[in-house]
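Structural features, examined
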Amino acid sequence: MPFRYFIKQLLLPPGILLLLLALAWWWRNSRPRLARLCFFVGLGGFWLMSLPVVVQWSARALEREPPLLLSDWATLAQRADAIVVLGSGRERGDLAWGADQPTGVGLERQRYAARLAKASGLPVLTSGGLHYGTPPSEARLMADSMLEDFGVNVRWQEGRSRTTWENARMSAEILLPQGIKRVVVVTQAWHMPRAVWSFQRSGFDVVPAPVGFLGQDNARPLGGWMPEFKAIWQSGQLMNEAVGLVGYWLFYR
């Protein structure tokens, strides 16, 4: 797992852009033309990734599912039998808490799922496994946080999955034998197409509940043309998601 993660991070931006800049320095004397090409592609890639407007444009291509209407929250039980919240990693050994904690993205999903659960009365399943084999699972971290921070008791925990595909497959092992086929899936708006695709192929009827939209005008300075460090992280997430969509289409058909 760590080696696969290293290769993935190296081949996707910004890792590949750092590699190009390193090659530009390495070849600056022996292959000056190639070095200049690597330098301009690497630097230009970083500049594009740092622009909020590029994040906005890229996200619009991925955020295909519309948000749930507030007026529909109370009637979700007519369309679904459970809410599934997908994990998003963890913050390791947070000193303020003395233990691992859900990520900020995870908390955003949990908060939304908690609101939906309280409005609809639907039970909740959290889905997410171990990181490098270190307990507790993401599902357990989210379940604890949803109870302690949002007052929602999680009925099921799927604590073995490592990917979105496994989120769906292993959630199906828990829910389908209990006759639960209609699920509200809560995840980021840009991650929702891959999540819906995976859960549908695992036998579910899916009600998408996207959160954390990035494809909207977020009132950035100069219309989003001012570079921001946060945009680099967001661009990386969107690039990873785009590659994931293609990979799932190729390998899980």
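Values in this document were obtained by computation on a predicted structure and should not be read as measured data. (Residues numbered from 1 in each chain as written. Predicted model: local features only at pLDDT ≥ 70, side-chain atom pairs only at ≥ 80, totals over all residues. Heavy atoms only, no water.)

1. Examining the overall build of the chain
- The helix and strand tally for the chain stands at nine helices and seven strands.
- In terms of C-alpha radius of gyration, the chain reaches 20 Å, essentially the compact-globule figure of 18 Å for 253 residues.
- A total of 253 residues make up the chain; the buried ones form 47% of that total.
- Look at the contacts in the chain between residues 6 or more apart in sequence, and 73% of them connect residues 24 or more apart.
- When the accessible surface of the chain is summed, it comes to about 13700 Å², and 60% of that surface belongs to carbon and sulfur atoms.
- Here the chain contributes 27 positively and 19 negatively charged side chains, and the mean placements of these two sets differ by 9 Å. (Helix = DSSP H or I, 4+ residues; strand = E, 2+ residues; numbered from the N terminus. Rg over C-alpha atoms; globule rule 2.2 N^0.38 Å. Buried < 20%, exposed > 50% of the residue type's maximum accessible area, 1.4 Å probe, protein only. Contact = heavy atoms within 4.5 Å. Areas by Shrake-Rupley, 256 points an atom, 1.4 Å probe, with all protein chains shown as cover. Lys, Arg positive; Asp, Glu negative; His and termini not counted. Charge placed at Lys NZ, Arg CZ, Asp CG, Glu CD.)

2. Re helix α4 (residues 52-62)
- Taken residue by residue, α4 has P52, V53, V54, V55, Q56, A59 and L62 as its buried positions.
- Close packing links the buried residues of α4 with α3 (32-49), α8 (192-201) and α9 (229-251).

3. Brief notes about unusual backbone geometry
- Following P13, the chain continues into P14 via a peptide bond in cis, with omega recorded as 5°.
- Mapped onto the elements, P14 comes out in the loop between α1 (2-11) and α2 (15-26).
- With omega at 0°, the peptide bond leading from P135 into P136 counts as cis.
- When you line up the elements, P136 lands in the loop between β4 (124-127) and α6 (138-150).
- One non-glycine residue with positive phi stands out, namely L222, at about 55°.
- Structurally, the position occupied by L222 is in the loop between β7 (205-211) and α9.

4. Quick look at α9
- If you check α9, its first and last C-alpha atoms are 33 Å apart, about what 23 residues at 1.5 Å a residue would give, namely 33 Å.
- Residues of α9 that are buried include every one of A231, I232, Q234, S235, G236, L238, E241, G244, L245, G247 and Y248, and no others.
- Packing partners of the buried residues in α9 comprise α3, α4, α7 (164-175) and α8. (Expected span 1.5 Å × (residues − 1).)

5. Some words on empty space enclosed by the protein
- For the structure shown, the criterion picks out one cavity of 30 Å³ or more.
- Approximately 40 Å³ is the volume attributed to the largest cavity.
- Along the walls of the largest cavity sit G87, S88, G89, P102, T103, G106, E138 and M142, which together make up its complete lining.
- For the lining of the largest cavity, the residue count by class is two nonpolar, five polar and one charged. (1 Å grid on protein atoms, 1.4 Å probe; cavity = no way out; pocket = protein on both sides within 12 Å on 5 of 7 lines; lining within 4 Å. Points joined across faces, edges and corners; volume = space filled by probe spheres on them. Nonpolar A, V, L, I, M, F, W, Y, C, P; charged D, E, K, R; others polar.)

6. Some points on the pairing of strand β1 (residues 82-86)
- In terms of burial, β1 is largely enclosed, as five of its five residues are buried.
- Relative to strand β6 (residues 182-188), β1 runs parallel, the two being bridged by four bridges. Considered in β6, the bridge of A82 is made with V183.
- Where β1 and β4 come together, four bridges link them in parallel fashion. Of the residues in β4, the one forming a bridge with L86 is S127. (Pairing = 2+ DSSP bridges.)

7. Concerning the pattern of salt bridges
- Tallied over the full model, the rule gives eight salt bridges.
- Of the charged contacts, one joins D144 and R140 as a salt bridge, the two residues approaching to 3.1 Å between their closest N and O atoms. In this pair, D144 and R140 both sit in helix α6, four residues apart, roughly one turn of the helix.
- Between E241 and R194 there is a salt bridge, with the nearest N and O atoms lying 2.8 Å from each other. One end of the pair, E241, is in helix α9; the other, R194, is in helix α8, with 47 residues separating them in the sequence.
- Looking at R194, the relative accessible area reads 9%, which means it is buried.
- Through salt bridges with shared partners, a single network forms among R90, R92 and D100. (Salt bridge = Lys/Arg side-chain N within 4 Å of Asp/Glu carboxyl O.)

8. Considering the side chain of S145
- With respect to the helices and strands, S145 occurs in helix α6.
- The class for S145 is buried, based on a relative accessible area of 4%.
- Among the polar contacts made by the side chain of S145, one reaches the side chain of Q110 at a distance of 2.8 Å.
- Discounting residues that sit within four places of it in the chain, S145 has contacts with P102, L107, Q110 and F150. (Polar contact = N/O pair within 3.5 Å; in protein donor to acceptor, adjacent residues only side chain to side chain.)

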